[in-house]
Amino acid sequence: LMNQGLALGQLEYYQDAQIAFEKAINTIQVYLGAEHPLLATAYNNLGNLNYQQGFFEQASASYQNALDKIQQADVTDPKDWATCLMNLGNCAYEQGNYQEALNWYARAKAIFDRPLLLPDLQLNLANNEAKALEALGKTAQTINQLQQLIEAYQAAQLSPSLKLIDLHLTLGNLYQTNSQLLNAL
């Protein structure tokens, strides 16, 4: 049912996808129990579907349910935790609650015990956090954070990715917006 929901969502059959995810949630609860870790995945998928449609309050509720299930099931995978927290931050950001978004992003960042444990997720998280900081007018803090992350990425000698390029672009745009044109180059 979850795969069906994902496929229907990609085809933009949103109502059918929602029904599939809700059936998946019900089936998992009935047959595997209310604390099974797959419930977190199902709620996260439902949240993604709502987020994709711009229903940020519903998405946030689904992500919160996913977080609750992750806690109940004692999931230890940092990617599951961080993704859920970042998704909650993204919903807050989209609703204009930038400080709340930063709080969620900070909780997600705290999960990682060393820099670039999951590079793509951490780069995405940092980029989202930078956007929230910028929305709050904290440009210097944003620039500093982006510079640190880019340096950590380069120090880890990881292959360049589109997310890293996006961070450089965001940093360059911040420099340009703040009349620091030499730094923007």
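Residues numbered from 1 in each chain as written. Predicted model: local features only at pLDDT ≥ 70, side-chain atom pairs only at ≥ 80, totals over all residues. Heavy atoms only, no water.

**A closer look at the packing of helix α1 (residues 2-10) against helix α3 (residues 38-52)**
Helix-helix packing is characterised by the crossing angle of the two axes and by the distance between the axes. Going by this rule: All axes are obtained by fitting lines to C-alpha atoms, using only the stretch in contact for helices, and the reported angles, taken between N-to-C directions, cover 0 to 180 degrees. Under the DSSP-based scheme used, a helix requires at least four consecutive residues in state H or I and a strand at least two consecutive residues in state E, with every element numbered from the N terminus. To sort the angles, those under 35 degrees are grouped as roughly parallel, those over 145 as roughly antiparallel, those from 65 to 115 as roughly perpendicular, and the leftovers as oblique. When the near helix sits turned anticlockwise from the far one by under a right angle, the crossing is termed left-handed; a clockwise turn instead gives a right-handed crossing. Contacts are residue-level and defined by heavy atoms, with any inter-residue pair within 4.5 Å sufficient. All amino acids are sorted into three groups, where Ala, Val, Leu, Ile, Met, Phe, Trp, Tyr, Cys and Pro are nonpolar, Asp, Glu, Lys and Arg are charged, and the leftover types, Gly among them, are polar.
Closest axis-to-axis distance for the α1/α3 pair is 11 Å, and the angle between their directions is 10 degrees. If you check the angle between α1 and α3, you find them roughly parallel. When you trace α1 past α3, the crossing you get is left-handed. The residues of α3 that touch α1, namely those facing M2, L6 and G9, are L38, T41, A42, N45, L49 and Q52. Residue classes in the contact of α1 with α3 are distributed as five nonpolar, four polar and no charged.

**A short note on unusual backbone geometry**
Glycine aside, residues mostly have negative phi, and peptide bonds are mostly found in the trans state. Here is the rule we go by: Partly exposed residues are those whose accessible area sits between 20% and 50% of the maximum for their type, while under 20% is buried and over 50% is exposed, using a 1.4 Å probe and protein chains only.
Unlike most non-glycine residues, E12 shows phi in positive territory, near 65 degrees. Exposure remark for E12: the relative accessible area of 54% places this residue in the exposed category.

**Some points on the side chain of N90**
Here is the rule we go by: Residues adjacent in sequence count toward polar contacts only when both atoms are side-chain atoms; beyond that, a polar contact is any pair of N or O atoms within 3.5 Å, and within protein one must be able to donate a hydrogen and the other to accept it.
Note that N90 resides in helix α5 (residues 78-94). Judged by its relative accessible area of 11%, N90 falls in the buried class. Within polar-contact distance, the side chain of N90 engages the side chain of N128 at 2.8 Å. Residues in contact with N90, not counting those within four places in the same chain, are Y51, Y105 and N128.

**A look at helix α8 (residues 139-155)**
Inclusion rule: Here the expected length of a helix is defined as 1.5 Å per residue gap, with one fewer gap than residues. Starting at the helix axis, one direction is taken to each C-beta atom, and the arc is that of these directions.
Over its 17 residues, α8 runs 24 Å from end to end, which matches the ideal 24 Å to within 8%, given 1.5 Å per residue. Looking at α8, one finds that the buried residues are T139, T142, I143, Q145, L146, L149, I150 and Y153. End-on, the buried residues of α8 take up no more than an arc of 165 degrees, which puts them together on one face. α8 presents A140, E151 and A155 as exposed residues on the side facing more than 90 degrees away from its buried surface.

**Details of α1**
What α1 keeps buried is the set M2, G5, L8 and G9. Considered in projection along α1, the buried side chains sweep an arc of 125 degrees and stay on one side of the axis. For α1, exposure combined with an orientation more than 90 degrees from the buried face picks out N3 and Q10. Of the surrounding elements, those touching the buried residues of α1 are α2 (14-32) and α3. Positive phi appears at E12, one or two residues downstream of α1, with a value of about 65 degrees.

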